[in-house]
Amino acid sequence: MIADAALHAVRRSAELTALAERPAVDVVVIGGGITGAGIALDAASRGLRVVLAEKHDLAFGTSRWSSKLVHGGLRYLATGNVGIARRSAVERGILMTRNAPHLVRAMPQLVPLLGSMRRRDRALVRAGFLAGDALRRLAGTPATVLPRSQRISREQVIDLAPTVRHDGLDGGLLAYDGQLIDDARLVTAVARTAAQHGATILTYTAASNATGESVRLTDQRSGESLDVTARAVINATGVWAADIDPALRLRPSRGTHLVFDAAAFGNPTAALTVPIPGELNRFVFAMPEQLGRVYLGLTDEEAPGPIPDVPQPTSGEVSFLLDTVNTALGTTLGGGDVIGSYAGLRPLIDTGQGRTADVSRNHAVVESASGVLSVIGGKLTEYRHMAEDVLDRAVRSRALRATPCRTRDLPLVGAPANPGVVPSAAPAPRALPESLVARYGAEAANVLASATCRRPEDRVADGIDVIRAEFEYAVSHEGALTVEDIVDRRTRIGLVAADRERVLGVAQEFVAATD
């Protein structure tokens, strides 16, 4: 059954009421990040009655703090982990060709061949890129979607990354990987597609007293609680998984990114990829992003202790990223060029050995003494595979009556093949802003068509290519309930504090309209 994909306050209230009246379901999923949303979609599309409960907002945690990359697994191939490398390449291909071609596009990944780069290191990078080409072919992803790697000239390097160091530049190596327009938008699209297939998506709903057969849900907005029974309860809370099952042992690592105005890098059109000195297979990336920004990342630092809601970069990580990227630049970037930053915690499985950078990104499905199924570890690229794995386990162990997994070929909301898209026989819409299409895909026309606000096509602030209709759509279709939901997750304006301040009043206008 295909239902309305719109998430909003009225639907949330109605579904809480319906759940109170009929509090028995097949599956409860705890956690509204990419893994939890993926599980909800998998379960709903198999015909199961599923409830997703998220204490905060969709993509509140780690799922909004990634590099916005859908990795093909090349790094894992280099460390001999062929299984995860192949799976990553397969899942990347599924996202780019079937699930979310509107949200994931080929990103040029440029390694400049500078005089400081040894011949051996050049050969290793080239061999790695060729191995990446082989992975792409093995995964069945066509070169029209993800082009082959190649050696390019000095002039081409400068054209793609204008601020690269010119002295000793001997061309470059160019490969391609998958890039998300935004990770939080992917989570929202998956959750809305789950709702389209009948899932109940409850944000600002905390889960407690979880067992394999029941869970207490508390509406964070009203304070009211209800007890729900389920055939399976699945913990997909990432780095907070031990809050649900204290027996779990995770080893979080912090990944930090810095945010720049794209002009600081000469408005690049490729991700400048800089080898980390002394490391065989780790790089720092300066990636062109939406809203005229460049994100520079990524660190991999041990993060022991209590898990914060919003992790913070350290001064050492900021210095490390700047020092590393400056080795490849003709101009020196400093702290004054940084206009924002963010950090996320990877939910790695604690093996008790080695650096976090070397800990496996494999996932595991673990059953607690009370019967809760937890999915831990893993990476964003493999969210669909992780969801399939834990749902298969739940179907077998709980004897759930469900169809086989369908998500390999299931287009998300916004993909051209999604059933919610207006048929192609309809009149062609007028030209739409490129930024709108990049964020909403085939739904872009509906963002404007459904707008009821004043001046829907006006920008929310000068110099920010987000229009007022997008703020309204966040509330009317994408489940945003607060100003922070709009500014920090449905759009990523909030990554730059100065921009955030300029749009808070506009966001409040749309939140107030629903109160």
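Sequence order as written defines the numbering, with residues in each chain counted from 1. Per-residue local features of the predicted model are confined to residues with pLDDT of at least 70, and side-chain atom pairs are confined, for both listing and counting, to 80 or more; whole-chain, interface and lining totals are unaffected and use all residues. Side-chain numbers here rest on the full set of heavy atoms in the structure, without hydrogens or water.

1. Points about the packing of aromatic side chains
No. 1: Centres within 6.5 Å are what make two rings of Phe, Tyr or Trp a pair, Trp counting through its six-membered ring; a difference in plane orientation under 30 degrees is then read as stacked, over 60 as edge-to-face, and the rest as tilted. Summed over all chains, the structure comprises 6 aromatic pairs.
No. 2: Ring geometry for Y295 against Y342: centres 5.7 Å apart, planes inclined by 80°, an arrangement best described as edge-to-face. Of this pair, Y295 sits in strand β14 (residues 293–297) while Y342 sits in strand β16 (residues 338–346); the two residues are 47 residues apart in sequence, bridging distant segments of the chain.
No. 3: When a residue's accessible area, from a 1.4 Å probe over protein chains only, is under 20% of the maximum for its type it is buried; when over 50% it is exposed; and in between it is partly exposed. Accessibility expressed as a relative area gives 2% for Y295, which makes it buried.
No. 4: For Y342, a relative accessible area of 2% corresponds to the buried category.
No. 5: Ring centres 6.4 Å apart and planes at 85° place the aromatic pair F471 and F510 in the edge-to-face group. Here F471, found in helix α13 (residues 468–476), pairs with F510, found in helix α15 (residues 497–512); they are 39 residues apart in sequence, far enough to count as distant. No difference in accessibility class separates F471 from F510, as the two residues are buried. Numbering of helices and strands runs from the N terminus, with a helix taken as a DSSP run of H or I at least four residues long and a strand as a DSSP run of E at least two residues long.

2. Some details on the environment of A399
No. 1: Within the fold, A399 resides in the loop between α10 (383–398) and α11 (434–440).
No. 2: Taking the relative accessible area as the measure of exposure, A399 reaches 55% and is therefore exposed.
No. 3: With 83 residues separating them along the chain, A399 and G316 place their C-alpha atoms 51 Å apart.

3. Structural notes on the packing of helix α4 (residues 82–99) against α10
No. 1: What counts as an axis is a line fitted to C-alpha atoms, over the stretch in contact for a helix, and the angles between N-to-C directions run from 0 to 180 degrees. Following both chains from N to C, one finds α4 and α10 inclined at 105°, their axes separated by 9 Å at the closest point. With respect to α10, the axis of α4 lies roughly perpendicular. Residues R87, E91, I94, L95 and N99 of α4 form the contact with α10, whose own contacting residues are Y383, R384 and H385.
No. 2: Class assignment for the residues of the contact of α4 with α10 results in 3 nonpolar, 2 polar and 3 charged. For classification purposes, angles smaller than 35 degrees are called roughly parallel, those larger than 145 roughly antiparallel, those between 65 and 115 roughly perpendicular, and all remaining angles oblique. Contact criterion: two residues are considered in contact whenever any of their non-hydrogen atoms come within 4.5 Å of each other. Throughout this entry, Asp, Glu, Lys and Arg are counted as charged residues, while Ala, Val, Leu, Ile, Met, Phe, Trp, Tyr, Cys and Pro are counted as nonpolar. The remaining residues, Gly among them, count as polar.

4. Some details on the packing of helix α14 (residues 483–490) against α15
Each pair of packed helices gets described by two things: the angle between the helix axes and the distance between those axes.
No. 1: Orientation of α14 relative to α15, taken along the N-to-C sense of each, is 130°, at an axis distance of 8 Å. On the basis of the axis angle, α14 is oblique to α15. Handedness of the α14/α15 crossing: right-handed. In this structure, α14 contributes V483, E484, I486, V487 and D488 to the contact, and α15 contributes R500, V503, L504, A507, Q508 and V511.
No. 2: When its residues are assigned to classes, the contact of α14 with α15 shows 7 nonpolar, 1 polar and 3 charged. We call a crossing left-handed when the near helix sits turned anticlockwise from the far one by less than a right angle, and right-handed when that turn is clockwise.

5. Some thoughts on α15
No. 1: Each residue after the first adds 1.5 Å to the expected span of a helix. In this model, α15 (16 residues) spans 22 Å end to end at C-alpha, consistent with the 22 Å of a helix rising 1.5 Å per residue.
No. 2: Bend, in this description, refers to the angle at a residue between axes fitted to the seven residues ending there and the seven starting there. At V503, α15 shows its largest kink, close to 40°.
No. 3: Along α15, the residues that are buried comprise D499, R500, V503, V506, A507, F510 and V511.
No. 4: Packed against the buried residues of α15 are β14, β19 (459–461), β20 (464–467), α13 and α14.

6. A look at the pairing of strand β13 (residues 283–289)
Strand residues, when the strand is regular, have side chains that alternate between the two faces of the sheet.
No. 1: Counting buried residues along β13, 6 of its 7 residues qualify, which places the element largely inside the surrounding structure.
No. 2: At least two bridges found by DSSP between two strands is the condition for calling them paired. Bridge count for strand β12 (residues 271–275) against β13 is 4 bridges, and the pairing is antiparallel. By the bridge assignment for β13, L272 is matched with A286.
No. 3: Inspection of the sheet shows β13 paired to β14 by 5 bridges, in the antiparallel sense. When the bridges of β14 are listed, P288 appears paired with V294.
No. 4: Remark: 3 residues form the turn of the hairpin made by β13 and β14, two consecutive strands paired antiparallel; L291 in that turn has positive phi of roughly 65°.

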